[in-house]
Amino acid sequence: MIKDITIGQYFPGDSVLHRMDPRVKILLTGVFIVMLFAAKGIEGLAVGILFTVTAFLFSKIPLKMMGKSLKPIVPIVIFTAVLNLFFIRTGKVLWEWKMIKLTQDGIDTSLFMVIRIICLICGSSLLTYTTSPIDLTDAIERLLSPLKKIKVPVHELAMMMTIALRFIPTLIEETDKIMSAQKARGADMETGSILQKAKALIPVLIPLFVASFRHAEELALAMECRCYHGGEGRTRMKQLKMSISDLWGALFCGVFLAGVIVVNHVFG
Amino acid sequence: MAVIKTEDLTYVYGDGTPFRKVAVDHVNLEIEKGDFAGVIGHTGSGKSTLIQHFNGLLKPTSGSVYIDGERLWDDKARLRSIRFKVGLVFQYPEYQLFEETVYKDIAFGPKNMGLDEEEIDRRIKETAKLVGLSDSVMQKSPFELSGGQKRRVAIAGVMAMEPEVLILDEPASGLDPKGREQILGMIKEYHKAKGNTVLLVSHSMEDIARNVNKILVMNDSKLFCYDDTAKVFHRSAELEKMGLAVPQVTRVFSRLKAMGFDMGEDVYTVKFGSSLLLDRLGRKSAK
């Protein structure tokens with residue numbers, strides 16, 4: 001079922017990470033990425049790993065969900081590992097066969113890269129696991145609001161994103177329904193050549209197109225009825241507020257960043 | 001032999017996520033050939049999920065469904081032919097129309113069955129007549145039609161496959177009283193003409209009482225009962241507890257009984273009720 005796809009992979013919960021201000025979370029994710037790339041050796045990276053694991057434990061996200069977000073990057077990880085393993089030719093040679101040379105440096109670097117990618121994905125997916133898509137767009141709008149000064153339509157862009165996010169589940173549900181309805185009339189969407197499969201999509205796409213126009217029109221009307229006129233002077237129902245947990249989060253992050261730098265110096 | 005049979009049919013949405021919900025819970029059911037059954041239950045009781053198992057659109061999480069004695073999902077390749085046997089009309093079916101003309105849209109199902117041109121043409125003409133679509137409408141684009149007409153075209157699209165079992169999910173919802181009457185009339189007509197099994201999902205007890213001979217009640221994902229109309233409406237107290245009701249006229253007669261005018265309790269249609277009243281009042285019935 002298409003319905004089972006989680007949109008934005010938000011995992012509802014009530015952990016410290018869930019309660020944090022989404023703006024702070026976005027900024028701290030940035031700091032986290034800097035932290036990972038600042039680490040020069042495996043020792044610095046260990047601090048990054050420690051940070052990822054601690055944040056993960058605080059988020060109370062099931063390990064299974066983490067695995068799910070790692071799945072799509074498995075090919076990239078393998079590719080990086082193999083590339084580094086065979087193309088770094090410096091260091092002590094451990095094994096040699098014709099053109100292929102396996103060196104200590106190669107193994108070290110590829111391990112370093114792989115761990116860094118995994119940490120990067122795990123850590124940053126914590127942001128999307130603990131923040132609902134709507135909160136995320138809200139936060140992005142606020143963070144980008146200085147750009148309004150140079151006439152970037154930040155509010156409009158955020159509104160478009162919010163509407164798009166809002167309608168993804170609706171359209172998925174609609175697609176599901178239309179597909180079921182056409183299947184009930186004997187439409188065959190699974191077998192046949194690519195051309196036949198593409199043709200079999202017509203009975204789904206046309207009603208879906210009609211439906212999205214209908215939704216757009218209805219939504220425009222509903223927004224107009226409620227006097228929507230853009231972002232100017234608009235107040236919000238849900239105010240973003242920073243709390244003590246945000247301070248703790250920032251401190252925590254700062255300490256670890258400092259840790260990485262210190263470790264770099266000590267071992268570097 | 002029962003045309004539809006389920007054994008411990010269970011369906012769970014979003015298993016393994018925080019959104020997990022049991023939609024159909026161990027349903028055991030047998031629907032006989034030729035039955036005209038009403039399906040009732042409050043919103044979210046699992047009616048729609050249940051009926052989507054009957055033509056293999058949903059795969060049971062556990063348990064099984066038999067159509068004409070054949071167990072679904074044993075052979076996935078057979079599912080398509082099951083869908084021609086069990087026709088399903090979804091709620092608001094007019095949103096599934098897509099072809100350039102009404103004629104072509106109704107032909108979609110029969111064409112998928114692999115019938116020859118002549119047979120397809122015969123079926124379309126027959127169904128069009130049954131649902132009351134004139135020849136001039138047949139060459140129009142379905143998007144030009146009114147809501148009620150679109151609905152008829154969509155229902156005709158499934159009826160033209162001449163399924164042994166026709167299942168309709170709220171076929172009359174969102175229509176005006178006249179439109180409702182017409183849609184339900186043509187479903188009744190179809191049942192009479194073909195003698196096929198028909199399942200009608202509806203929230204209107206009046207519509208159910210007027211048309212069906214059996215009622216299937218779903219409550220909180222479980223099958224509450226499947227029985228003759230009279231027997232089901234007899235349990236009005238239990239139905240009301242579920243947030244369902246018996247037809248208004250039935251309530252009128254049970255109130256009359258409480259007031260000392262006992263005219264029997266099995267009054268489910270206004271027609272029958274009024275004839276009873278007229279008899280009682282010592283006049284000849286209206287018709």
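Residues numbered from 1 in each chain as written. Chains lettered and ligands numbered in written order. Predicted model: local features only at pLDDT ≥ 70, side-chain atom pairs only at ≥ 80, totals over all residues.

This paragraph deals with the overall build of chain B. On a plain count of helices and strands, chain B comes out with twelve helices and ten strands. Its C-alpha atoms give chain B a radius of gyration of 20 Å, within 12% of the compact-globule value 19 Å for 287 residues. Projected onto the principal axes, the alpha-carbon positions of chain B cover approximately 60 × 50 × 35 Å. Considering chain B as a whole, with its 287 residues, one finds that 42% of them fall into the buried category. Residue pairs in contact within chain B that sit at least 24 positions apart in sequence constitute 64% of those at least 6 positions apart. (Helix = DSSP H or I, 4+ residues; strand = E, 2+ residues; numbered from the N terminus. Rg over C-alpha atoms; globule rule 2.2 N^0.38 Å. Buried ≥ 20, exposed ≤ 12 C-beta atoms within 10 Å, placed from the backbone. Contact = placed C-beta atoms within 7 Å.)

It is worth spelling out the interface of chain A and chain B at this point. At the junction of the two partners, chain A supplies 18 residues and chain B supplies 22 residues. Going through the elements one at a time, helix 8 (154-184) and helix 10 (202-225) of chain A are the ones with two or more residues in the side of chain A that touches chain B. It is helix 8 of chain A that contributes the most residues to the side of chain A that touches chain B, seven residues altogether. Looking at side-chain class alone, the side of chain A that touches chain B contains ten nonpolar, three polar and five charged residues. (Nonpolar A, V, L, I, M, F, W, Y, C, P; charged D, E, K, R; others polar.)

Cross-referencing UniProt, the feature "domain: ABC transporter" (unreviewed entry) maps to residues 4-245 of chain B in the present numbering. From the first C-alpha to the last, residues 4-245 of chain B spans 27 Å; its make-up is 39% helix and 26% strand. (UniProt positions renumbered as here; feature names shortened; annotations may be inferred.)

Moving on, we get to the sheet that holds strand 9 (residues 214-219) of chain B. Residue and element names in this part refer to chain B. In spatial order, the strands read 6-7-8-3-9-10; together these six strands make up an open sheet with mixed pairing. Since the sheet does not close on itself, it has two edges, and those belong to strand 6 (86-89) and strand 10 (222-228), each with one partner. Taken pair by pair, the neighbouring strands of this sheet meet at an average axis angle of 15°, ignoring direction. Where strand 6 and strand 7 (residues 165-169) come together, four bridges link them in parallel fashion. Bridged to Leu 88 within strand 7 is Ile 167. (Pairing = 2+ DSSP bridges. Axes fitted to C-alpha atoms, helices over the stretch in contact; angles between N-to-C directions.)

Residue and element names in this part refer to chain A. The residues that UniProt annotates with the feature "transmembrane region" (unreviewed entry) are residues 26-58, 70-88 and 247-267. Strand forms 0% of residues 70-88 and helix 79%; the C-alpha atoms that close the span are 26 Å apart. Between the end C-alpha atoms of residues 247-267 the distance is 30 Å, and the span holds 100% helix and 0% strand.

Before going further, it helps to examine the packing of helix 3 (residues 42-59) of chain A against helix 6 (residues 104-130) of chain A. All names here are of chain A. Contact geometry for helix 3 and helix 6: axes closest at 10 Å, N-to-C directions at 25°. The angle between helix 3 and helix 6 places the two elements in the roughly parallel class. Of the two possible hands of crossing, helix 3 and helix 6 adopt the one that is left-handed. Residues Ile 42, Leu 45, Gly 48, Ile 49, Thr 52, Ala 55, Phe 56 and Ser 59 of helix 3 lie in contact with helix 6, whose contacting residues are Phe 112, Ile 115, Arg 116, Cys 119, Cys 122, Gly 123, Leu 126, Tyr 129 and Thr 130. Residues of the contact of helix 3 with helix 6, tallied by class, amount to eleven nonpolar, five polar and one charged. (Parallel < 35°, antiparallel > 145°, perpendicular 65-115°, else oblique. Left-handed = near helix turned anticlockwise from the far one by under 90°.)

Okay, the domain arrangement of chain B next. Residue and element names in this part refer to chain B. With domains assigned, chain B is organised as domain 1 (2-234) and domain 2 (247-287). Placing a centre on the C-alpha atoms of domain 1 and another on those of domain 2 gives a separation of 33 Å. Taken residue by residue, the interface counts seven residues in domain 1 and six residues in domain 2. Elements with a contribution of two residues or more to the side of domain 1 that touches domain 2: helix 8 (205-211) and helix 9 (229-234). The residue makeup of the side of domain 1 that touches domain 2, split by class, is four nonpolar, one polar and two charged. (Domains from an automatic or database assignment.)

For a regular strand, side-chain orientation follows a simple rule: the groups alternate between the two sheet faces. All names here are of chain B. Judged from the six bridges that link them, strand 9 and strand 10 form a sheet pairing that is antiparallel. Along strand 10, the bridge assignment pairs Val 217 with Cys 225. Joining the antiparallel neighbours strand 9 and strand 10 is a turn of two residues, in which Asp 220 adopts a positive phi near 50°.

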